[in-house]
Each structure stands twice: as C-alpha cells, then as structure tokens.
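Report on the structure
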Amino acid sequence: MNIAVDKNALSGWLNGLLGVVIFSGSLPATRVAVQDFDPFFLTFARASLAGMVALILILGWREKRPPAARIVPLMMVSLGVVVGFPLLTALALRHVTAAHSIVFLGLLPLMTAIFAVLRGKERPAQAFWIFSVLGSLLVMGFAFSQGASLSLTGDLLMLAAVIVCGLGYAEGAALTRECGGWQVISWALILALPFMVVASLLMMPVSFSDIGIPAWAALGYVSLFSMLIGFIFWYKGLAQGGIAAVGQLQLLQPFLGLALSATLLHERVSPLMMFITLGVILCVIASRKYGR
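The present account deals with the structure reproduced in this document. (Residues numbered from 1 in each chain as written. Predicted model: local features only at pLDDT ≥ 70, side-chain atom pairs only at ≥ 80, totals over all residues. Heavy atoms only, no water.)

This part is about the overall build of the chain. In terms of regular secondary structure, the chain is built from 13 helices and zero strands. Starting at the N terminus and walking to the C terminus, you meet the elements of the chain as α-α-α-α-α-α-α-α-α-α-α-α-α. Across the 292 residues that make up the chain, the buried fraction comes to 51%. Restricting to contacts in the chain with at least 6 residues of sequence separation, those with at least 24 account for 90%. Per element, the accessible surface of the chain, about 13900 Å² overall, is 71% carbon and sulfur. (Helix = DSSP H or I, 4+ residues; strand = E, 2+ residues; numbered from the N terminus. Buried < 20%, exposed > 50% of the residue type's maximum accessible area, 1.4 Å probe, protein only. Contact = heavy atoms within 4.5 Å. Areas by Shrake-Rupley, 256 points an atom, 1.4 Å probe, with all protein chains shown as cover.)

With that out of the way, let us pick up the nonpolar core. Judged by nonpolar contacts, the single largest core of 63 residues is most densely connected at Val81, Val82, Tyr169, Trp234 and Tyr235. Here this core gets 10 residues from one element, more than from any other, and that element is helix α8 (residues 152-179). Sequence-distant contacts of Trp234, that is, excluding residues within four places in its chain, are made with Asn15, Gly16, Gly19, Val20, Phe23, Tyr169, Val246, Gly247 and Gln250. Grouped together as the second largest cluster of nonpolar side chains are 11 residues, Ala45, Ile211, Ala215 and Ala218 included. (Core = buried A, V, L, I, M, F, W, Y, C linked by side-chain atoms within 4.5 Å.)

Moving on: the packing of α8 against helix α10 (residues 213-241). Their axes nearest at 8 Å, the elements α8 and α10 cross at an angle of 75°. Here α8 is positioned roughly perpendicular relative to α10, judged by the angle of their axes. The segment α8 lies against α10, with Gly168, Tyr169, Gly172, Ala173, Thr176 and Arg177 engaging Phe231, Trp234, Tyr235, Lys236, Leu238 and Ala239. Its residues assigned to classes, the contact of α8 with α10 shows seven nonpolar, three polar and two charged. (Axes fitted to C-alpha atoms, helices over the stretch in contact; angles between N-to-C directions. Parallel < 35°, antiparallel > 145°, perpendicular 65-115°, else oblique. Nonpolar A, V, L, I, M, F, W, Y, C, P; charged D, E, K, R; others polar.)

As a further point, take a nonpolar patch on the surface. The grouping of Leu278, Ile281, Leu282 and Ile285 at the surface amounts to a nonpolar patch, some 380 Å² of accessible area in total. Inspection of the secondary structure puts Ile285 in helix α13 (residues 271-290). (Patch = residues over 30% accessible without salt bridge, like charges linked within 9 Å, V, L, I, M, F, W, Y side chains within 5 Å. Salt bridge = Lys/Arg side-chain N within 4 Å of Asp/Glu carboxyl O.)

Now for the layout of surface pockets. For the largest pocket, the calculated volume is near 760 Å³. Considering the residues around the largest pocket, the lining is formed by 31 residues, among which Ser26, Thr30, Arg46, Phe85 and Thr89 are closest to the centre. Broken down by secondary-structure element, the contributors of at least two residues to the lining of the largest pocket are α1 (2-24), α2 (26-33), α3 (39-60), α4 (68-92), α5 (98-105), α8, α10 and α12 (253-264). A per-element tally of the lining of the largest pocket places α4 first, with five residues. Among the residues forming the lining of the largest pocket, the class breakdown is 20 nonpolar, nine polar and two charged. (1 Å grid on protein atoms, 1.4 Å probe; cavity = no way out; pocket = protein on both sides within 12 Å on 5 of 7 lines; lining within 4 Å. Points joined across faces, edges and corners; volume = space filled by probe spheres on them.)

Scanning the model with the defined rule gives one salt bridge in all. The salt bridge involving Glu178 is made with Arg70; its shortest N-O contact spans 3.2 Å. Taken as a pair, Glu178 in helix α8 and Arg70 in helix α4 lie far apart in primary sequence, 108 residues in all. Looking at Glu178, the relative accessible area reads 52%, which means it is exposed. For Arg70, a relative accessible area of 23% corresponds to the partly exposed category.

Turning next to the environment of Leu93. Note that Leu93 resides in the loop between α4 and α5. Accessibility expressed as a relative area gives 44% for Leu93, which makes it partly exposed. Each C-alpha atom of the pair Leu93 and Asp155 lies 9.7 Å from the other, and the pair is 62 residues apart in sequence.

Quick look at the packing of aromatic side chains now. Here a ring pair, both rings aromatic, is described through the centre-centre distance and the interplanar angle of the planes. The final tally for this structure, using the stated rule, is 11 aromatic pairs. Seen in terms of ring centroids, Tyr169 and Phe231 are 6.1 Å apart; in terms of plane orientation they differ by 55°. Their pairing is tilted. Within this pair, whereas Tyr169 is found in helix α8, its partner Phe231 is found in helix α10, the two being separated by 62 residues in sequence. For Tyr169, a relative accessible area of 5% puts it in the buried group. Judged by its relative accessible area of 4%, Phe231 falls in the buried class. Here the aromatic residues Phe23, Tyr169, Phe231, Trp234 and Tyr235 are joined through ring pairs into a cluster of three or more. (Phe/Tyr/Trp six-rings, centres within 6.5 Å; stacked < 30°, edge-to-face > 60°.)

Across its 23 residues, helix α9 (residues 181-203) extends 31 Å between first and last C-alpha, which sits within 8% of the 33 Å expected from 1.5 Å per residue. Of all the bends in α9, the greatest, near 50°, is centred on Leu193, and the proline Pro194 appears no more than four residues after it. (Expected span 1.5 Å × (residues − 1). Bend = angle between axes of the 7 residues up to and from the residue.)

For the rest of this paragraph, the subject is the side chain of Glu171. Secondary-structure assignment places Glu171 in helix α8. Note on Glu171: relative accessible area 5%, which makes it buried. With residues near it in sequence (within four places) discarded, Glu171 still touches Pro73, Met76, Val77 and Arg119.

As structure tokens, this is what we get:
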C-alpha cells in the first residue's frame, strides 16, 4: 500500500516538474511574441486558440458536460489561470519590469499552498511551511538583488495575479481528482472562450504583414503549451502528489525561465543565479519530504 502511495507521489512530482518546465518556456516565448504583437492581443489570442483546441478535444472525445456542481469551481479555474493571471500580469508589466515580477512569482508556491489548505483541505506539516517560506525568500531576495524599479500599481496588480493564479491552481487540482487534468483545463478554457474571442477581435491589429515567423511561433507555444498542455501535466501532478507539496516546484520556474532565456535569447546567467537555484532546489527537496 505504501509502495503504491509512494509511486503515485513520485508520478505526481514528475508530472508537476514537466508542467513547470513547460510553463518556464512561457516567459522567453512571450518576450519574443511581444516584439511584434500587442501584449493585450497576445493575452486574448493565446486563450482563444487554446480554447478552440480544447473545444475540439472535448467534442472529439465526446466528453459529457460537467455537472452543475462543478460549474462554479471551473469558473474559478477559468477566472484564475485563463483570464485573471494573464490579464493582470499584462497590465502589471506596463508599470514594472519583468525582473521585478519575479518577486511575486516567488510567492506563487506559498499562495498555492494556502489555497490547498483553504480549498483542498490539505494539512502540510509545520516543517513544510518553513522550507516553503525559505524558498520563497530566496527567490524574492534574488529578484530584489537585480535592482528592479518599484510601482505601487504594478505591485498590487502582480499581487492580485498571484492570488487568483494560486486559487486557480488549487481548484483545478481538486477537480482533476474527480474528472482528469485535460478535462478540467479544457472546460475552463471553453468557459472563457466567448469573452476571449470577442476581446481578441477588438484588440486585433490592423495588419499582420509586419508579424515575423518567430512571433507566430511564440504565439503558438504560449497558446498550446502554456495554456493547455502544461496544465494537463501540472494539474495531474498536483492531484497525485499533493497541491501544497508539488506546488513548491514553482520555485524553480523563474530560474528555468531565465536559463531558457540565456539559451534561446542569449541573455547572461550570473553565478548568483546558479547559487540561488541550488538553494531553491534544496528547499523543494526538503518541502517534498515534509509535505506529506
């Protein structure tokens, strides 16, 4: 019995890690896409494209409509990770730098764990919270060391984005235990699809003639991988290994994103980043041990 539980937990961590790796590609891809696309159009278009693919999957597999009791939780997932987080971060990035936003991404695992307690009825051990806070402080300290500028408006928007995203993660993971990861994110995308399509049409550029191939490829990535495929693995991982425990893998996301930026966009990776990354990995390992 314990062996089966351990295997399920390990599978959850592997699925969660794969989800984080996929999400980590979002920042470099977004940086490429916004060179040619308006940030607001990009936000709405990525959700529209992902929603259309999700609709095809639901119809192709002839999935039944979710019961009425699941509509509200699905709407919370949709408002959190389909509409809320992408839109709020797009607005925030008009006031703060991308480096400054890492401060708040470092709070995302904590927020996910808090909602796991409030909504998922999980009860992590006290030691788990110690390592969780320590890992978040390491990420936040690294972000502050980069000398990012401050903006109250941008900070409040990013804080709101992290809150709704943590709620969306916790709600989605709880639903995944009942009906599967790809079904949850698919229905969440479908619920937001009408709004996103209308918003995309309103924000559509007058001409696409100046849009380069890299920007189109980046749009494809954030639409299919960041908005759909990544969530399939992420929600499955949270459901298998525990929302609070597996959620700590998000601490690695800023560093994986920067590593991809260095590889794809030729940005510099400092020795401090490598040192902090090692510390974060140790915190994730410790939180896994004590998060059961």
